[in-house]
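The residues making up each chain are set out below.
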Amino acid sequence: MAAETINSAGDAAGLAAMISRAAEQTGDAKRGPAPVERWNPPFCGDLDMEIRADGTWFYLGTPIGRAPLVRLFSTVLRKDEDGKTYLVTPVEKVGIRVADAPFVAVEMKVTASDEDGEELLTFRTNVGDVVEAGPEHPLRFEIFGENRELKPYLLVRGRLEALVSRAVMYDLVGLGEVIDVDGVEMFALRSGGMIFPVMPAKELERLSQ
């Protein structure tokens, strides 16, 4: 057991078992994300694990088809200041590859906030996180590629973001409105008492032509 390392796992199930055992040794085995921000283990190299742009996880070149395994791995993810993403346990930190964002927002619900009745956007990710867009979980938007593709991102926890899926993005953009932001008319969204600018209203007009 002492020689057991994350990099020695032969398959995804074995890797999941190692991570579970490592958490149990510190009393941190519980549902939900692990307290990875509190752990400071040594870096033990890179792992042959990749999260593709569509949210599919691969280990050793094979897609991980079991949702419970993906969910477990997602709870020990951490993105550090170096911009890289890691699987982190109390005793090891290993690097993985992320093509875009580690999570995908696959569902959105629009409700009124209990406090002030303002619009609240709640998202569900492909790994089961439920996140309300607001001060602690901001939305940001990028314009990508020659086709000027709009890509919305939601901060889930730490530095980890979810890319809003294309289907959800259309519903999200449908909620947008033109709002004056510091003297500039911006196409923007509201949630949790916050305004999240998408792009200048003039640019939206050009893209719509």
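Note that the coordinates shown come from a computational prediction; the quantities given were computed from them, not determined experimentally.

Here we come to the nonpolar core. Counting 50 residues, the largest nonpolar core has L15, L47, M49, I64, F73, L87 and F123 as its most contacted members. The element that contributes the greatest number of residues to this core is helix α1 (residues 12-25), accounting for five residues. Apart from residues lying up to four places away in sequence, I64 is in contact with A12, M49, W57, F58, Y59, L69, V70 and F73.

Counting buried positions along strand β11 (residues 149-157) gives seven out of nine residues, so the element sits mostly inside the fold. When strand β10 (residues 139-144) meets β11, the two strands line up antiparallel, connected through six bridges. Residue I143 lies in a different strand from β11, and its bridge partner there is L150. The turn joining β10 and β11, which pair antiparallel and follow one another in sequence, is formed by four residues; a positive phi near 80° is taken by G145. Here β11 runs beside strand β12 (residues 160-164); their pairing, made up of four bridges, is antiparallel. Looking across to β12, one finds that L154 is bridged to A162. Joining the antiparallel neighbours β11 and β12 is a turn of two residues, in which G158 adopts a positive phi near 55°.

Another aspect to go through is the packing of aromatic side chains. Summed over the entire model, instances satisfying the criterion amount to two aromatic pairs. Ring plane angle 85° and centroid distance 5.9 Å describe the contact between F43 and Y86, whose orientation is recorded as edge-to-face. You can see F43 sitting in strand β1 (residues 43-51) and its partner Y86 sitting in strand β5 (residues 85-88), a full 43 residues away along the chain. According to the relative accessible area criterion, Y86 is buried, its value standing at 6%. Aromatic side chains W57 and F73 sit 6.2 Å apart centroid to centroid with 25° between the ring planes, which places their arrangement in the stacked category. Pair noted here: W57 is in strand β2 (residues 57-59) and F73 is in helix α2 (residues 67-75), with a separation of 16 residues, a long-range link. Here W57 and F73 have matching classes, each one buried.

This part takes up unusual backbone geometry. In the Ramachandran plot, L60 falls in the positive-phi region, its phi being about 55° despite a non-glycine side chain. Residue placement: L60 occurs in the loop between β2 and β3 (62-63). Relative accessible area serves as the criterion here: at 44%, L60 is assigned to the partly exposed category. The phi torsion at D182 lies on the positive side, around 55°, for a residue other than glycine. In this structure, D182 sits in the loop between β13 (177-181) and β14 (184-191). The class for D182 is exposed, based on a relative accessible area of 77%.

Moving on to helix α3 (residues 166-173). Along an α-helix, a turn takes 3.6 residues, which lines up residues three or four apart on a common side. Of the positions making up α3, those classed as buried are V168, M169 and L172. Down the axis of α3, the smallest arc covering the buried residues is 105°, so these residues share one side. Seen from the open side of α3, the exposed residues pointing more than 90 degrees away from its buried face are A167, Y170 and D171.

Let us look at the sheet that holds β3. Hydrogen bonding along the main chain pairs the strands of a sheet, whether they run parallel or antiparallel. Read across the open sheet, the six strands follow the order β3-β2-β1-β6-β5-β4; overall the sheet is mixed. Edge positions in the sheet fall to β3 and β4 (77-79), since each has one partner strand and no second. Of the strand pairs in this sheet, β5 and strand β6 (residues 93-98) are connected by four bridges, and their pairing is antiparallel. Counted as the bridge partner of T85 is I96 from β6.

Now for the pattern of salt bridges. Pairs may arise between side chains of opposite charge once their charged atoms sit close together. Within this structure, the stated rule accounts for 14 salt bridges. A salt bridge links R157 to D129, with the nearest nitrogen and oxygen atoms 3.3 Å apart. Of this pair, R157 sits in strand β11 while D129 sits in the loop between β8 (119-125) and β9 (130-132); the two residues are 28 residues apart in sequence, bridging distant segments of the chain. Accessibility assignment for this pair places R157 and D129 in one class, buried. A salt bridge links R190 to E177; its shortest N-O distance comes to 3.0 Å.

What counts and how
- Residues numbered from 1 in each chain as written.
- Predicted model: local features only at pLDDT ≥ 70, side-chain atom pairs only at ≥ 80, totals over all residues.
- Heavy atoms only, no water.
- Core = buried A, V, L, I, M, F, W, Y, C linked by side-chain atoms within 4.5 Å.
- Buried < 20%, exposed > 50% of the residue type's maximum accessible area, 1.4 Å probe, protein only.
- Helix = DSSP H or I, 4+ residues; strand = E, 2+ residues; numbered from the N terminus.
- Contact = heavy atoms within 4.5 Å.
- Pairing = 2+ DSSP bridges.
- Phe/Tyr/Trp six-rings, centres within 6.5 Å; stacked < 30°, edge-to-face > 60°.
- Arc of directions from axis to C-beta.
- Salt bridge = Lys/Arg side-chain N within 4 Å of Asp/Glu carboxyl O.

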